[in-house]
Amino acid sequence: MSRAGRWLPAVVAILLVLAVWEGLVRLFDVQAFILPRPTAILTAFVETWSTIWPFGINTLIEALGGFVFGTLAAIVLALAATRWVTLGEGLMPFAVAASAMPIVALAPITNQWFTIPSPVSKMAVVAVMVFFPVFVNTTRGLTEVDPREIELMRSVAAGPAATLRRVRIPNALPFFFSALKVASALSLIGAIVAEYFGGSQQVLGQYIISRASGFQFPEAWAAILLASLLGIAFYLLILLAERMFMPWHVSIRGSTGS
C-alpha cells in the first residue's frame, strides 16, 4: 500500500467525525457552552491566530523543557539501573509513585518551589509525567537482551561499555522511542494543566480558562485545537527521529518498503 493509501482512512475518518459533529450540533441546536460547531471553532481559530500562536509557543517551550529534563533523568537512571540491578529494583517503586501522582496535586507544590510566574514550575510537572514511561521502557530495552548476544560479546572479551554500545542500546532504541511517543503527548497535557494553577497569562492554559469563564467557547476550543496540532507536530518529530536513528528496525523497513 502506498503512503497516501495508508493516510486515506485516517483522513476520511476525521472528515466523517467532523461532518457528524457539525450535523448533530445543528440538528439538536446544541448550545456553544456545551459543544460549539466545528465551523465556529475553525472560524475562531483563524480570527484569533495572531493571539493564540505566541501563547502556544510559550506552552510548547514549557512542554519541551520538561520533556528534555524528564527524558535525560530517565536515561541516566535507566543506565544506572542496568549497571546496578539492586539500584534498579530500588528505583522502580519511586518511578511508579511519580507516575501515580496527580497533576492537580503536584502543580501547586512546584509553584511554591519555583515561584508561580516561572515556567520552570510547569516544566517540573511535565518532567515528572515524562519520567516514568521513558525510564520503564528504556530500562526494559536495556535489560531484556538475548542472552546469546551477551555471551557472544563475552566470548570476544568485550567489556561492559562495548556491550552497552553494541548490544544493549540498539536493543533499547525501539522501547525508547515508543516511550517518547507517549511522553510527547503527556508533556503538552501536563504543561497546560499546570498552567491552570497560575503563572503567565501568555499561555494556552490561562487563555482557555479566561475564554471559558467569559463564555467565549469557540475561542477556548480554538486554543485546544492549537494544542492538539502542536501535539501532533511533536509526535511527528519523534517519529522522524525514530526513522533517522533506527532505519534498520523491522517496523521502519516495513513502513517504507511498501
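See the structure shown above.
The structure presented is a predicted model; accordingly, all values stated were derived computationally and were not measured. (Residues numbered from 1 in each chain as written. Predicted model: local features only at pLDDT ≥ 70, side-chain atom pairs only at ≥ 80, totals over all residues. Heavy atoms only, no water.)

Draft legend 1. Fine view of the overall build of the protein chain. For the protein chain, the count of helices and strands is eleven helices and zero strands. For the protein chain, the sequential pattern of α-helices and β-strands runs α-α-α-α-α-α-α-α-α-α-α. Dimensions along the principal axes, computed over C-alpha positions, put the protein chain at roughly 70 × 55 × 30 Å. The buried share of the protein chain, reckoned over its 258 residues, is 37%. For the protein chain, contacts bridging at least 24 residues in sequence account for 72% of all contacts bridging at least 6. For the protein chain, the accessible area works out to roughly 14500 Å², and carbon and sulfur atoms hold 73% of it. Each charge sign in the protein chain was given a centre, from 16 positive and 12 negative side chains, and these centres are 9 Å apart. (Helix = DSSP H or I, 4+ residues; strand = E, 2+ residues; numbered from the N terminus. Buried < 20%, exposed > 50% of the residue type's maximum accessible area, 1.4 Å probe, protein only. Contact = heavy atoms within 4.5 Å. Areas by Shrake-Rupley, 256 points an atom, 1.4 Å probe, with all protein chains shown as cover. Lys, Arg positive; Asp, Glu negative; His and termini not counted. Charge placed at Lys NZ, Arg CZ, Asp CG, Glu CD.)

Draft legend 2. Structural context of the environment of Pro-147. Secondary-structure assignment places Pro-147 in helix α7 (residues 147–155). Put simply, Pro-147 and Ala-73 are 74 residues apart on the chain and 27 Å apart in space, counted from C-alpha to C-alpha.

Draft legend 3. Summary view of helix α4 (residues 85–100). Along its 16 residues, α4 runs 23 Å from first to last C-alpha, staying within 8% of the 22 Å computed at 1.5 Å per residue. Taking the largest bend as the criterion, α4 deviates by roughly 25°, centred on Leu-91, and proline Pro-93 comes between one and four positions later. Elements in contact with the buried residues of α4: α3 (49–83) and α6 (120–143). (Expected span 1.5 Å × (residues − 1). Bend = angle between axes of the 7 residues up to and from the residue.)

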